[in-house]
Amino acid sequence: MEGPLTGEGRAEHQGQVVGQALWTWRAGPAGGPATVFDLDGVLSDAASRQYLLRGPRPDWDAFFAASGEDPLIEEVSVLLGLLSSELKVVLLTARPAQARDLTIAWLGRHDLRWDLLVMRSHGDRRPARQFKQEAVRALRAHGVDPRLCFEDDLRNVEMFRREGVPCVYVHSGYYD
Ligand SMILES: [Mg+2]
């Protein structure tokens, strides 16, 4: 973990470095069957900041820094709330660890249920599908059993399916 963690995220939640990822458990580590949700384009409507990625030099820092203002994607968030409380909710996002506190604050503002937030460590420039593939394997190694995923990037959808996890494709339009 690099860079200071400040604000409400730090006080309430301890981060744990797993491989190249930063894991944050909401209420301590716990295994069992889980559903896995992407954030951008699945729970979080990132449409208003897509312009930051257009052109020859995408501004990823500004893109993620603006994520705290995203509207919620209502259908997916309602579905999340309807899931059995026995299922763990894993939020697996390619957002970097620097966006952790604003992400946790955003989840709180929208009253979203979650158990584990998995983010990229600072400086991880691998393709998202590689980061997420490693995360699926690490989840299993930690006793968390991903039963179903929700994703808006078809490259990640295919990866989840190859890893043996059924994946619902959510159309965001960001990857057309
Ligand atoms: Mg996404």
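This is a predicted model, so every value here is computed, not measured. (Residues numbered from 1 in each chain as written. Predicted model: local features only at pLDDT ≥ 70, side-chain atom pairs only at ≥ 80, totals over all residues. Heavy atoms only, no water.)

Novice: Sorry, what's going on with the coordination of the magnesium ion here?
Specialist: Each donor-metal-donor angle would ideally measure 109.5 degrees in four-coordinate tetrahedral geometry, or 90 or 180 degrees in six-coordinate octahedral geometry. Protein coordination at the magnesium ion: the donors are Asp38 (OD), Asp40 (O) and Asp152 (OD), at 2.0 to 2.2 Å from the metal. Taken in chain order, the donor set of the magnesium ion reads D-x1-D-x111-D. Of this pair, aspartate 38 sits in the loop between strand E3 (32-37) and helix H2 (60-65) while aspartate 152 sits in the loop between strand E6 (144-151) and helix H6 (154-162), placing them 114 residues apart in sequence. Overall, the relative accessible area of 6% leaves aspartate 38 in the buried class. (Donors = N, O, S within 2.8 Å, 3.2 Å for Na, K, Ca; no water. Helix = DSSP H or I, 4+ residues; strand = E, 2+ residues; numbered from the N terminus. Buried < 20%, exposed > 50% of the residue type's maximum accessible area, 1.4 Å probe, protein only.)

Novice: I would appreciate a short explanation of helix H4 (residues 100-109) in the present structure.
Specialist: Quick reminder: α-helices carry 3.6 residues per turn. Residues three or four places apart thus point the same way. For H4, a buried count of seven out of ten residues is recorded, marking the element as mostly surrounded by other parts of the structure. Among the residues making up H4, those that are buried are Arg100, Asp101, Thr103, Ile104, Ala105, Trp106 and Leu107. Backbone geometry just downstream of H4 places aspartate 111 in the positive-phi region, at approximately 55 degrees.

Novice: Just to check I follow, could you spell out the confidence of the model for the protein chain for this structure?
Specialist: Atomic detail in the predicted coordinates should be set aside for any region of low pLDDT. Overall, the prediction assigns the protein chain a mean pLDDT of 91, with 93% of residues at 70 or greater. Low pLDDT, under 50, characterises residues 1-11; the stretch is placed with 16 contacts to residues that sit more than four places away or in other chains. (pLDDT = per-residue confidence, 0-100. Contact = heavy atoms within 4.5 Å.)

Novice: Just checking my understanding: could you explain the packing of aromatic side chains for this structure?
Specialist: Two numbers describe a pair of aromatic rings. These are the distance of the centres and the angle of the planes. For the structure on display, the rule yields five aromatic pairs. Centre to centre, the rings of phenylalanine 37 and phenylalanine 150 are 4.6 Å apart; their planes meet at 5 degrees, and the pair counts as stacked. Pair noted here: phenylalanine 37 is in strand E3 and phenylalanine 150 is in strand E6, with a separation of 113 residues, a long-range link. For the pair shown, phenylalanine 37 and phenylalanine 150 are each scored as buried. Taking the centre distance of 5.7 Å and the plane angle of 25 degrees together, the rings of tryptophan 60 and phenylalanine 64 count as stacked. Placement of the pair is tryptophan 60 and phenylalanine 64 together in helix H2, with a separation of four residues, close to one helical turn. Every member of this aromatic cluster is reached through a ring pair, and the members are Trp60, Phe63 and Phe64. Lying over the aromatic face of phenylalanine 63, arginine 49 brings its terminal NZ or CZ to 4.4 Å of the ring centre. The ring of phenylalanine 131 has arginine 120 sitting right over it, with the charged end atom 5.4 Å from the ring centre. (Phe/Tyr/Trp six-rings, centres within 6.5 Å; stacked < 30°, edge-to-face > 60°. Lys NZ or Arg CZ within 6 Å of the ring centre and 35° of its normal.)

Novice: So what exactly am I meant to see when it comes to the sheet that holds strand E2 (residues 21-25) here?
Specialist: Paired through backbone hydrogen bonds, the strands of a sheet run either parallel or antiparallel to each other. Taken in spatial order, the seven strands of this open sheet run E1-E2-E5-E4-E3-E6-E7, and their pairing is mixed. Each end of this open sheet is capped by a strand with a single partner; those strands are strand E1 (15-18) and strand E7 (167-169). Going across the sheet, the axis of each strand differs from the next one's by a mean of 25 degrees, ignoring polarity. Bridge count between E3 and E6: six bridges; the pairing is parallel. Residue pairing for E6: threonine 35 is matched across the bridge by leucine 148. Here H4 sits on the sheet and contacts E1, E2, strand E4 (88-96) and strand E5 (116-120); the angle it forms with E5, its principal contact strand, is near 150 degrees. (Pairing = 2+ DSSP bridges. Axes fitted to C-alpha atoms, helices over the stretch in contact; angles between N-to-C directions.)

Novice: Please explain the environment of arginine 140 as it appears in this structure.
Specialist: By the element assignment, arginine 140 lies in helix H5 (residues 128-141). When its relative accessible area of 36% is taken as the criterion, arginine 140 is described as partly exposed. Separated by 108 residues in the primary sequence, arginine 140 and glycine 32 have C-alpha atoms spaced 9.4 Å apart. Setting aside chain neighbours within four positions, we find arginine 140 in contact with Pro146, Glu163, Gly164 and Val165.

Novice: What's the story with the packing of H5 against H6 in this structure? I'm lost.
Specialist: Helix-helix packing: each pair is described by the crossing angle between the helix axes and the interaxial distance. Running from N to C, H5 and H6 cross one another at 30 degrees; their axes reach a closest spacing of 9 Å. By the angle class used here, H5 and H6 are roughly parallel. Taken as a pair, H5 and H6 cross one another with a handedness that is right-handed. The residues of H6 that touch H5, namely those facing Ala128, Arg129, Lys132, Gln133 and Val136, are Arg155, Asn156, Met159 and Phe160. (Parallel < 35°, antiparallel > 145°, perpendicular 65-115°, else oblique. Left-handed = near helix turned anticlockwise from the far one by under 90°.)

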